[in-house]
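# Close look at the chain arrangement
As a plain string of letters, each chain reads:
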Amino acid sequence: MSRSVWKGPFVDSYVLKKAEVSLEGGRNEVIKIWSRRSTILPQFVGLTFGVYNGRKHIPVMISEDMIGQKFGEYSPTRTYYGHGADKKAKRK
Amino acid sequence: MARIAGVNIPTNKRVPIALTYITGIGSTSAVEICEAVKIDQARRVNELSDSEVLAVREYIDANLSVEGDLRREVQMNIKRLMDLGCYRGLRHRRNLPVRGQRTHTNARTRKGPARAIAGKKK
C-alpha cells in the first residue's frame, strides 16, 4: 500500500538541512547521507548525494526522473560477481 | 474479416472476445468499447456493418494505446529505468525479478530454463 498523501513525502530532517546549506553556499560537493529511506524531492535535482550502501557513499547525481523515489534505490547494497567455475569440476 | 488496429483480424467470434486478440485490449476494455459504440455483446464480428467497424476503430484510436505503440511505450519505460541506474533498472538489466520475489528457487520466468551446474552431482 502506498503512503497517504496528506502526510507528505518522508525525508529525514538532516538531509533537508544539508541540501539547503549546499544549495545556498558552495555547490557541487558530494553531500554524504546515510538516510536511504528518504524520498527524493524536486529541490534536490542537480545536487550530488553520497548515498551510503553499508560500506561506502555512492555518489548519485539527482535528475528529474528520480523525483519521488528513495535514495536507497540508487545505491545497491549487494555485491555479486557471479558463481566462479567449480574447481573440482575442472580437475576431471 | 475485419481489420482493427493495424494487423489484427479477429474471427467470427463474439465482438468482446474478438477484440481481446488485440494487444492492449483485455476483456474489460473490450466490453467498454462495445458499450461506447453501442454494439450488442452477443453479436459476432462478421455481423458488424462497415460503419460499426469504423466506429470501433475510431474509439480505439482515440482512447487506447494498442499493439506496436503500446509495446514501444512499455519498452521505453523499461529503458528509462535501466538508464536511471536505480534498483529496478538493475534487475531489468540482469533479467531477474524486479518486484522483490525470491530467486533462491523459482523465478524461472525471468531467468529462463535452468542451467546445469558443473560438478553438482554426488
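Preceding this section is the structure that the text describes.
The sections below set out a description of the structure shown in this document. (Residues numbered from 1 in each chain as written. Chains lettered and ligands numbered in written order. Predicted model: local features only at pLDDT ≥ 70, side-chain atom pairs only at ≥ 80, totals over all residues. Heavy atoms only, no water.)

## Some points on the overall build of chain B
Applicable threshold: Secondary structure elements follow DSSP: runs of H or I no shorter than four residues count as helices, runs of E no shorter than two count as strands, and numbering proceeds from the N terminus. Atoms counted for the radius of gyration: C-alpha only. Globule rule: 2.2 Å times the number of residues to the power 0.38. Think of it in three bands: with a 1.4 Å probe and only protein chains considered, a residue is buried below 20% of the maximum accessible area for its type, exposed above 50%, and partly exposed in between. Only heavy atoms enter the contact rule, under which two residues are in contact if any of them lie within 4.5 Å. Surface accessibility in these figures is a Shrake-Rupley result with a 1.4 Å probe; residues are shielded only by whichever protein chains are displayed. Only four residue types enter the charge count, namely Lys and Arg as positive and Asp and Glu as negative; His and the chain termini do not. Every charge is mapped to an atom, namely NZ of Lys, CZ of Arg, CG of Asp or CD of Glu.
When its secondary structure is counted, chain B shows six helices and zero strands. For chain B, the succession of helices and strands along the chain, N to C, is α-α-α-α-α-α. In terms of overall size, chain B is more extended than a compact globule, its C-alpha atoms giving a radius of gyration of 21 Å where 122 residues would be expected to give roughly 14 Å. Put simply, chain B has 122 residues, and 30% of those count as buried. Intrachain contacts of chain B at a sequence separation of at least 6 include 42% that bridge at least 24 residues. Surface summary for chain B: the accessible area is close to 8,600 Å², and the carbon and sulfur share equals 50%. Both charge centroids of chain B, one from 24 positive and one from 12 negative side chains, sit 22 Å from each other.

## Considerations on the overall build of chain A
Looking only at helices and strands, chain A has two helices and three strands in total. The secondary structure elements of chain A, listed N-terminal to C-terminal, are α-β-β-β-α. Within chain A, the proportion of its 92 residues that are buried is 30%. Considering only intrachain contacts with a sequence separation of at least 6, the fraction spanning at least 24 residues in chain A is 41%. Split by element, the accessible area of chain A, about 6,800 Å² in all, is 54% carbon and sulfur.

## Quick word on unusual backbone geometry
All names here are of chain B. In this model, glutamate 67 sits at a positive phi of 50°, which is unusual for a non-glycine residue. By the secondary structure assignment, glutamate 67 is in helix α4 (residues 67-84). Its identity is not glycine, yet alanine 107 carries a phi of approximately 60°, on the positive side. Here alanine 107 lies in the loop between α5 (87-94) and α6 (108-111). Using a relative accessible area of 16% as the deciding quantity, one classes alanine 107 as buried.

## Some remarks on the packing of helix α2 (residues 27-36) of chain B against helix α3 (residues 50-63) of chain B
Residue and element names in this part refer to chain B. The condition is simple: Axis geometry follows a simple rule: fit a line to the C-alpha atoms, using only the stretch in contact for helices, then measure angles between N-to-C directions, giving values from 0 to 180 degrees. Put simply, angles under 35 degrees are roughly parallel, angles over 145 are roughly antiparallel, angles from 65 to 115 are roughly perpendicular, and the rest are oblique. Crossings are classed by handedness, with left-handed meaning an anticlockwise turn of the near helix from the far one by less than a right angle and right-handed meaning a clockwise turn. Each residue is assigned to one of three groups, with Ala, Val, Leu, Ile, Met, Phe, Trp, Tyr, Cys and Pro labelled nonpolar, Asp, Glu, Lys and Arg labelled charged, and all others, Gly among them, labelled polar.
Relative to each other, α2 and α3 sit at 125°, their axes nearing to 10 Å. What the angle tells us is that α2 and α3 run oblique. In this structure, the crossing between α2 and α3 has a hand that is right-handed. Together, Glu32, Ile33 and Ala36 of α2 and Val56, Tyr59 and Ile60 of α3 make up the contact between the two elements. Of the residues assigned to the contact of α2 with α3, the class counts are five nonpolar, no polar and one charged.

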